Amino acid sequence: MRSRVREFDSSTLNESVQNTIMRDLKAVGKKFMHVLYPRKSNTLLRDWDLWGPLILCVTLALMLQRGSVDSEKDGGPQFAEVFVIVWFGAVTITLNSKLLGGNISFFQSLCVLGYCILPLTVAMLVCRLVLLAELGPINFMVRLFVVIVMFAWSIVASTAFLADSQPPNRKALAVYPVFLFYFVISWMILTFTPQ
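Residues numbered from 1 in each chain as written. Predicted model: local features only at pLDDT ≥ 70, side-chain atom pairs only at ≥ 80, totals over all residues. Heavy atoms only, no water.

Looking at an unreviewed UniProt entry, one finds the chain named Protein YIPF and attributed to Camelus dromedarius. Note on the chain: under the UniProt heading Sequence similarities (unreviewed entry), the record states "Belongs to the YIP1 family." (UniProt positions renumbered as here; feature names shortened; annotations may be inferred.)

Chemist: Can you help me understand the UniProt feature "transmembrane region" (unreviewed entry) in the chain in this one?
Modeler: Residues annotated by UniProt as "transmembrane region" (unreviewed entry) correspond here to residues 50-67, 79-100, 106-133, 140-162 and 174-193. Taken end to end, residues 79-100 is 95% helix and 0% strand, and its first and last C-alpha atoms sit 32 Å apart. Counted over residues 140-162, helix gives 100% and strand 0%. Its end C-alpha atoms are 32 Å apart. (Helix = DSSP H or I, 4+ residues; strand = E, 2+ residues; numbered from the N terminus.)

Chemist: Teacher, can you tell me more about the packing of aromatic side chains here?
Modeler: Two descriptors summarise a pair of aromatic rings, namely the distance from one centre to the other and the angle between the planes of the rings. For the coordinates displayed, the defined rule picks out 9 aromatic pairs. With a centroid separation of 6.3 Å and an interplanar angle of 50°, the aromatic rings of Phe 83 and Trp 87 are classed as tilted. Separated by 4 residues within a single helix, Phe 83 and Trp 87 lie in helix α5 (residues 79-99), roughly one turn from each other. On the basis of an interplanar angle of 25° and a centroid distance of 6.2 Å, the ring pair of Phe 183 and Trp 187 is categorised as stacked. Highlighted residues: Phe 183 and Trp 187, both in helix α9 (residues 171-190), separated by 4 residues, approximately one helical turn. Take Phe 183: its relative accessible area is 40%, and that puts it in the partly exposed class. These aromatic residues form a ring-pair network of at least three members: Phe 151, Phe 179, Phe 183 and Trp 187. (Phe/Tyr/Trp six-rings, centres within 6.5 Å; stacked < 30°, edge-to-face > 60°. Buried < 20%, exposed > 50% of the residue type's maximum accessible area, 1.4 Å probe, protein only.)

Written out as structure tokens, the structure reads:
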């Protein structure tokens, strides 16, 4: 009887909405810290969610908008295009991982790849701030440096979590698509110019 009472107390069904949101926000914050300080850990894999990747993808897509009212004529990526590139790329990498014999679930992989977009989202924020200054070669060099550093950070963070889930003789085959995925996102960030 006593264990049944303990089980009822730990249930989230009778938890207030505020407590649920705060608990989820703390969990997302902890996962962001795991990406900012990458180390081999199963926390990101064990307690997966898609809230952080969704927030990062929406933030990145909004920042990549050109800012014009008639955005069909500016030639930049539309919100849906960025959203599809990020999620289709993550799904493709996840399927590749599963086909190579990885022992990670589909949603765990999506979680890790999505959370590891955090450095690139920070790079986009820094590039937007740098673009407020006058355009020129120094401006481009600063943006290039920031994007390269954050690209490398995303690769290191994602491989820290995903490398152990692959067979030893197939790790390079699993990391190469991750490299391409983050490279495409980095290229979209680097080539972004405001109107």
